[in-house]
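As a plain string of letters, each chain reads:
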Amino acid sequence: MSNLGNRRLEGRVAVVSGGLRGIGLSTVERYVAEGAEVVLTDLDDEGSDAVKEVLGRIGNSASYLRANVTEEGDWQRVADHVTQRHGKLHILVNNAGTDLTGPVETLSMEAWRRIMAINVDGVFLGTKHLVPLMAESGKDVKGGSSIINVSSIMGLVGMNEVSAYNASKGAVRLFTKGIAVEFATKQMPIRANSLHPGFVFTPLLNAGFQRWVDSGVAEKPEDLVAMVAGNTPIGRLAQPEEIASAAFFLACEDSSYMTGSEIVVDGGYTAQ
Amino acid sequence: MANRLEGKVALVTGGTSGIGAGTVERLASEGAKVVFTGRNEDAAKSICDATGATFVKHAVDDAEGWAGVMEHIASKHGRLDIAFANAGTEHGDASVEDVTVENWNAIVGVNQTGAMLTVQHAIRMMKDNPGGATGSVIINSSMNAHRAMGNYVSYSVTKAAAVALAKSAAIHCGNQGYKIRVNAILPGVVETAMIRGIIEASGDEAGTRAIYEGMAPLKRMGEVEEIAGLVAYLGSDEAAFVSGSEIVIDGATTAGMMGV
């Protein structure tokens, strides 16, 4: 990207959940390139190779915390860590998520509760525990602090055998609008918007495509990639960086009048 | 501002005031070469002096005049990368019961046909860009595409049409294999010179201003620069995977109800 590293987030602090891979990792990298300090969370142990690799590459601008987004106590630890290390927070990207596919009559209650816990409870808890600090820090920023909730185009339209994921991402979309109206009504300096990626080359997508191959939907993952690309007006899938650039736009002052809104980054998939 | 749009050529219709003028300024500040259209030559001159942009006097609904606009861009810059279909009006609008067919046709002419002509001419030039068919077209719709106004039927209907125009054009470009993206933006109430004029002429400046500011839960109008920032994002390569989208920028006005 031609404007990478213009340091438009200098002095800002961000939390990114699910920050070790995929869209989360790209967002962390972009924010650091723009001058932000980032706290990333994920499920890996703090001494794991993935953590060492990411922190080694990014350097002192980032710190890592093992945190399960479904655990309220873990979010309290994240809030304490951010307060102690930075004393401020301007950007929260509720990115951690999982998927679940299958015929609705075969989904177990346990699997349903798990995806709702990660995709919905996680967004609620992250918001709940970080809002007090963000409300304070937002006073110094044009447009205030910014919450970016990663939904999906599956939060806008239904898809065959994706009902649980559809429900969880739809919840993220409207939770975002609810808090946006709430913060604005109370004149709390926090904006909230949802981000709706289409098909993006991420580890989660690869795992999902492999599951479809295993269940006999396609012969190999490449066939599914070609099929999705063929159904996308832009004719391809996205790279994580192309979602991170939208997450950057929503984090910086350029989007200061945007709240309660959504950005769809899907190559035209849902316009048809 | 960093040169995110260096090497790009941009067209802005209705660029002599309001969101259009703010966008001319923003795109130029990011390195784009900007051509803008409109009818107010005096206003255009000072914008040209301030930004280095060039002006072509043209009303967006003048179908024959489009050839001259595109000829200016072709001869001066040889390509087109960004087109902002911004020109719009609500002049003479009323409720469906009261609107005259002349006023309805005039508003449809500018907001709907004018936007279509902008997208059409932009795509025709962008598809022949040196190096391949690339570009980004942004249509200025309105939050009223989602929430209609009873006393502005023509405006509400044409702004909804603008969203369908963006989606249809985006899909067409995909079908043709063009790397041309088309998106709509849906601003809320923005504090333009036009809105300021309405406030000043109302006879109750404080009261009228409070009504406009109270429409958004954020309790303020948008600034021209805030809309221009979104246009710049969509015009840049940052938004390379964004097409057929409609982006609301309204301080949460249409996100829900304000409650009690």
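Residues numbered from 1 in each chain as written. Chains lettered and ligands numbered in written order. Predicted model: local features only at pLDDT ≥ 70, side-chain atom pairs only at ≥ 80, totals over all residues.

## Some thoughts on the overall build of chain B
- Across its full length, chain B carries eight helices and seven strands.
- A principal-axis box enclosing the C-alpha atoms of chain B has dimensions of 55 × 40 × 35 Å.
- Evaluated residue by residue, chain B yields a buried proportion of 53% over its 260 residues.
- Within chain B, counting contacts between residues at least 6 apart in sequence, those at least 24 apart form 71% of the total. (Helix = DSSP H or I, 4+ residues; strand = E, 2+ residues; numbered from the N terminus. Buried ≥ 20, exposed ≤ 12 C-beta atoms within 10 Å, placed from the backbone. Contact = placed C-beta atoms within 7 Å.)

## Some thoughts on the overall build of chain A
- A tally of helices and strands in chain A yields eight helices and seven strands.
- The C-alpha atoms of chain A give 18 Å as radius of gyration, which agrees with the globular expectation for 272 residues (19 Å, within 12%).
- Across its three principal directions, the C-alpha atoms of chain A cover 55 × 40 × 35 Å.
- Scored against the burial criterion, the 272 residues of chain A give a buried share of 51%.
- Restricting the contact set of chain A to residue pairs at least 6 apart, pairs at least 24 apart contribute 74%. (Rg over C-alpha atoms; globule rule 2.2 N^0.38 Å.)

## What to know about the sheet that holds strand 5 (residues 145–150) of chain A
All names here are of chain A.
- One open sheet holds the seven strands; their spatial order is 3-2-1-4-5-6-7, and the pairing between them is parallel. Sheet topology places strand 3 (62–66) and strand 7 (262–265) at the edges, where each strand pairs with a single neighbour. The sheet shows a mean angle of 15 degrees between the axes of neighbouring strands, taken without regard to direction.
- The pairing of strand 6 (residues 190–197) with strand 7 spans four bridges and is parallel. From the neighbouring strand, Leu195 faces strand 7, where its bridge partner is Ile263.
- In the packing of helix 1 (residues 22–33) onto the sheet, contacts are made with strand 1 (13–17), strand 2 (37–42), strand 3, strand 4 (91–94), strand 5 and strand 6, and the angle to strand 1 comes to roughly 170 degrees. (Pairing = 2+ DSSP bridges. Axes fitted to C-alpha atoms, helices over the stretch in contact; angles between N-to-C directions.)

## Some details on the domain arrangement of chain B
- Domain annotation of chain B identifies domain 1 (9–187 + 224–249) and domain 2 (192–221).
- Averaged C-alpha coordinates put domain 1 of chain B and domain 2 of chain B at centres separated by 25 Å. (Domains from an automatic or database assignment.)

## What about the sheet that holds strand 2 (residues 33–38) of chain B?
Residues and elements named next belong to chain B.
- The strand order across the open sheet built from seven strands is 3-2-1-4-5-6-7, with neighbouring strands paired in parallel fashion. On the outer flanks of this sheet lie strand 3 (54–57) and strand 7 (246–249), each paired with one strand and no other. With strand direction ignored, the average angle separating the axes of adjacent strands in the sheet is 20 degrees.
- Sheet topology note: the strand 5 (residues 134–140)/strand 6 (residues 179–187) ladder contains seven bridges and is parallel. Across the sheet, Thr134 pairs through a bridge with Lys179, a residue of strand 6.
- Relative to the sheet, helix 5 (residues 153–176) contacts strand 5, strand 6 and strand 7, its axis offset from that of strand 6 by approximately 165 degrees.

## Re the domain arrangement of chain A
All names here are of chain A.
- Taken domain by domain, chain A holds domain 1 (13–200 + 239–265) and domain 2 (201–237).
- Its C-alpha centre places domain 1 at a distance of 25 Å from the equivalent point of domain 2.
- The interface is formed by ten residues belonging to domain 1 together with ten residues belonging to domain 2.
- By residue class, the composition of the side of domain 1 that touches domain 2 is four nonpolar, four polar and two charged. (Nonpolar A, V, L, I, M, F, W, Y, C, P; charged D, E, K, R; others polar.)

## Considerations on the interface of chain A and chain B
- Contact residues are listed per partner, giving 33 residues for chain A and 32 residues for chain B.
- At the level of secondary structure, the elements contributing two or more residues to the side of chain A that touches chain B comprise helix 5 (163–185), helix 8 (240–251) and strand 7 of chain A.
- Of all the elements, helix 5 of chain A adds the most residues to the side of chain A that touches chain B, at six residues.
- Of the residues belonging to the side of chain A that touches chain B, the class tally is 14 nonpolar, 16 polar and three charged.

## Considering the packing of helix 3 (residues 66–77) of chain B against helix 4 (residues 101–126) of chain B
Residues and elements named next belong to chain B.
- Running from N to C, helix 3 and helix 4 cross one another at 35 degrees; their axes reach a closest spacing of 11 Å. Read as a crossing pair, helix 3 and helix 4 show a hand that is right-handed. On the side of helix 3, the interface is formed by Trp66, Met70, Ile73 and Ala74, while helix 4 contributes Leu117, His121 and Met125.
- Among the residues making up the contact of helix 3 with helix 4, the classes are represented as six nonpolar, one polar and no charged. (Left-handed = near helix turned anticlockwise from the far one by under 90°.)

## Overview of the environment of Ala229 of chain A
Residues and elements named next belong to chain A.
- Take Ala229: it is sitting in helix 7 (residues 221–231).
- C-alpha of Ala229 to C-alpha of Tyr269: the two residues are 40 residues apart in sequence and 9.4 Å apart in space.
- Apart from residues lying up to four places away in sequence, Ala229 is in contact with Gly235, Arg236 and Leu237.

## Structural notes on the environment of Ser141 of chain B
Residue and element names in this part refer to chain B.
- Note on placement: Ser141 falls in the loop between strand 5 and helix 5.
- By the C-beta count within 10 Å, which is 29 here, Ser141 ends up buried.
- Measuring from C-alpha to C-alpha, the distance between Ser141 and Lys159 comes to 4.9 Å, with 18 residues separating the pair along the chain.

## Topic: the packing of helix 3 (residues 72–85) of chain A against helix 4 (residues 109–137) of chain A
All names here are of chain A.
- Relative to each other, helix 3 and helix 4 sit at 25 degrees, their axes nearing to 9 Å. Looking at the two axes, helix 3 sits roughly parallel to helix 4. Here the hand of the crossing between helix 3 and helix 4 comes out right-handed. Between helix 3 and helix 4, the contacting residues are Glu72, Trp75, Gln76, Val78, Ala79, Val82 and Thr83 on the first element and Leu125, Gly126, His129, Leu130 and Leu133 on the second.
- Looking at the contact of helix 3 with helix 4 residue by residue, the classes come out as seven nonpolar, four polar and one charged. (Parallel < 35°, antiparallel > 145°, perpendicular 65-115°, else oblique.)

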